[in-house]
Amino acid sequence: MPDCSRVASLLELYVDEALPQDEMAAVKKHVRRCRRCHKELTELTALRKHLRETVETGAADVPLSRIWEGVAERLDSPTIWERIVWAGKSIVFPFRPLKVLAGVAALVVLFLFIVPLVKSPPTPRVVVESVESEHPIMIFQGEGEIMVVWLFEKGEGKEGKE
Amino acid sequence: MKRLFFLGCLSMLLFLQCPPFALGAEVGIGVRVILASHQGETIDTRLQDIQANLGNLFNYSSYQLLQERSFLLTQGQSGQLPLAGNKDLLIKLLQEQGGTSELAVEILQSGKGIFKTTVKLKKGGTLLIGGPKHEEGVLILAISAQGS
């Protein structure tokens, strides 16, 4: 006669009816007499039943017909017309969200940083457009961002270095 | 949906490329009146930022800051600064576009224009107008765009 600990280790196989006949009989006999093992067997059986019901209910809610339609569609070989349409779509709409995002990011970088550098050479910060003066003048570019307009008043020589 | 997304992205890019809306934008114009002479060898500490330029451009030994004035101008507005020798400096903001200010700068002698120039100044750029005599030296007007 097996003891309780041995029976407990065999209960799962017992429920699955996966034990040899002699062991099945021994466990059955023990469970009838032992209240603790009987209770354990009852709980195990109830748990198994509950799990089975849950899985079956969940599976029943899945729209298998729709899944099957998709599978069947993929299994069916496309017609020539379908292939042409798909090819057209892939040409017209070749983009995927990630590719689109990467492309947009690249364009932003291009427009914001590279194009302004390429499209126009740096312009001076000071541009003298026109000058009207009663006095003779001289215009010259200083270092950095400086432009100089020098007025020569009557009888004056230029004092600058240029 | 994809087309809308693309149009949105393109619009955003175009918007980013556009210069900022400048309607009614105020532009800061700084004016410094400097007396350059051979009297002494002092350079006003307030001219530190252009001290090197002054030294390279002119051979005066002394640079004194006589006046410093800032104008906050909108398009079409003028600022006037009285100068020594019955002269006046008149600055008018003709337009501001993309960070560049177009200015009409005029020097008046007893109310009569003796010098007029039109310049385009970007932020950080400086126009020096020198030559009018004053005391033992000459006046140098440093006109800088301080941005909007």
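Relevant structure appears above.
Cut-offs applied
Throughout, a residue's number is its position along its own chain's written sequence, starting from 1. Labels are handed out in written order, letters beginning with A for the chains and numbers beginning with 1 for the ligands. A pLDDT threshold of at least 70 governs which residues receive local features in this predicted model, and a stricter bar of 80 or more applies before side-chain atom pairs are shown or counted, although totals over entire chains, interfaces and linings include all residues. Note: side-chain values were computed over all heavy atoms of the structure, leaving out hydrogens and water. Numbering of helices and strands runs from the N terminus, with a helix taken as a DSSP run of H or I at least four residues long and a strand as a DSSP run of E at least two residues long. Burial classes: relative accessible area under 20% of the type maximum marks a residue as buried, over 50% as exposed, and values in between as partly exposed (1.4 Å probe, protein chains only). A pair of strands counts as paired when DSSP detects no fewer than two bridges linking them. Only C-alpha atoms enter the line fits that serve as axes; for helices the fit covers just the stretch in contact. Angles between N-to-C directions range over 0 to 180 degrees. Contact between two residues is taken to exist if any of their heavy atoms lie within 4.5 Å; hydrogens are not considered. Put simply, buried area is how much 1.4 Å-probe accessible surface two parts lose in total, over both of them, once they are put together. By definition here, a salt bridge exists when the distance from a side-chain nitrogen of Lys or Arg to a carboxyl oxygen of Asp or Glu is within 4 Å. Nitrogen and oxygen atoms within 3.5 Å of one another constitute a polar contact, given that in protein one can donate a hydrogen and the other can accept it, and given that sequence-neighbouring residues count only through two side-chain atoms. Note on residue categories: nonpolar means Ala, Val, Leu, Ile, Met, Phe, Trp, Tyr, Cys or Pro, charged means Asp, Glu, Lys or Arg, and polar means any other residue, Gly included. Stacked, tilted and edge-to-face are the three classes applied to pairs of Phe, Tyr and Trp rings, where Trp contributes its six-membered ring and a pair requires centres within 6.5 Å; stacked means planes under 30 degrees apart, edge-to-face means over 60, and tilted covers the rest. Among buried residues, those of type Ala, Val, Leu, Ile, Met, Phe, Trp, Tyr and Cys that are joined through side-chain atoms within 4.5 Å constitute a nonpolar core.

### Some remarks on unusual backbone geometry
Residue and element names in this part refer to chain B.
- Residues other than glycine seldom take positive phi values, yet S110 does so here, at roughly 55°.
- With respect to the helices, strands and loops of the structure, S110 is situated in the loop between β5 (100-109) and β6 (112-122).
- Classification of S110 by relative accessible area gives exposed; the value is 52%.
- We note that E135 has phi near 50°; this positive angle belongs to a residue other than glycine.
- Locating E135 in the fold gives a position in the loop between β7 (126-134) and β8 (137-147).
- For E135, a relative accessible area of 65% translates into the label exposed.

### Observations concerning the sheet that holds β5 of chain B
- The five strands lie next to each other as β1(A)-β6(B)-β5(B)-β4(B)-β3(B), forming an open sheet whose pairing is antiparallel. The strands lining the two open edges of the sheet, one partner per strand, are β1 (126-133) of chain A together with β3 (78-83) of chain B. For this sheet, the mean inter-axis angle between neighbouring strands, taken without regard to orientation, is 15°.
- Relative to β6 of chain B, β1 of chain A runs antiparallel, the two sharing seven bridges. Across the sheet, residue V126 of chain A finds its bridge partner in β6 of chain B, namely L121 of chain B.

### Things to note about the interface of chain A and chain B
- Opposite the 41 residues of chain A that make contact, chain B presents 44 residues.
- Buried surface at the junction of chain A and chain B, both sides included, amounts to about 3,700 Å², of which 59% is carbon and sulfur.
- Our count for the contact surface shared by chain A and chain B stands at zero salt bridges.
- Taken together, the links from chain A to chain B amount to six residue pairs in polar contact (both at pLDDT 80 or more).
- The set of elements that each furnish at least two residues to the side of chain A that touches chain B consists of α6 (97-119), β1, β2 (137-141) and β3 (146-151) of chain A.
- Of the residues that constitute the side of chain A that touches chain B, the class distribution is 22 nonpolar, six polar and 13 charged.

### With respect to the packing of aromatic side chains
- Under the criterion given, the structure shown has three aromatic pairs over all chains.
- Taken together, a centroid distance of 5.1 Å and an interplanar angle of 40° make the contact between W150 of chain A and F58 of chain B tilted. Taken together, the positions of W150 of chain A in strand β3 and F58 of chain B in the loop between α2 (48-57) and β2 (62-73) put the pair across two chains.
- Their ring planes at 25° and their centres at 6.5 Å tell us that W150 of chain A and Y60 of chain B sit as a pair that is stacked.

### Points about the nonpolar core
- Membership of the largest hydrophobic core comes to 30 residues, with the highest contact counts inside it found for I29, L89, I91, L103, L127, I129 and I143 of chain B.
- Sorting elements by how many residues they give to this core places strand β1 (residues 27-37) of chain B first, with five residues.
- If we ignore the near neighbours within four places in the chain, the residues touching L127 of chain B are V126, V128, M147 and V149 of chain A together with V119, L121, L141, A142 and I143 of chain B.
- Counting residues in each nonpolar core, the second largest holds 19 residues, with W150 of chain A together with L65, V138 and A142 of chain B among its members.

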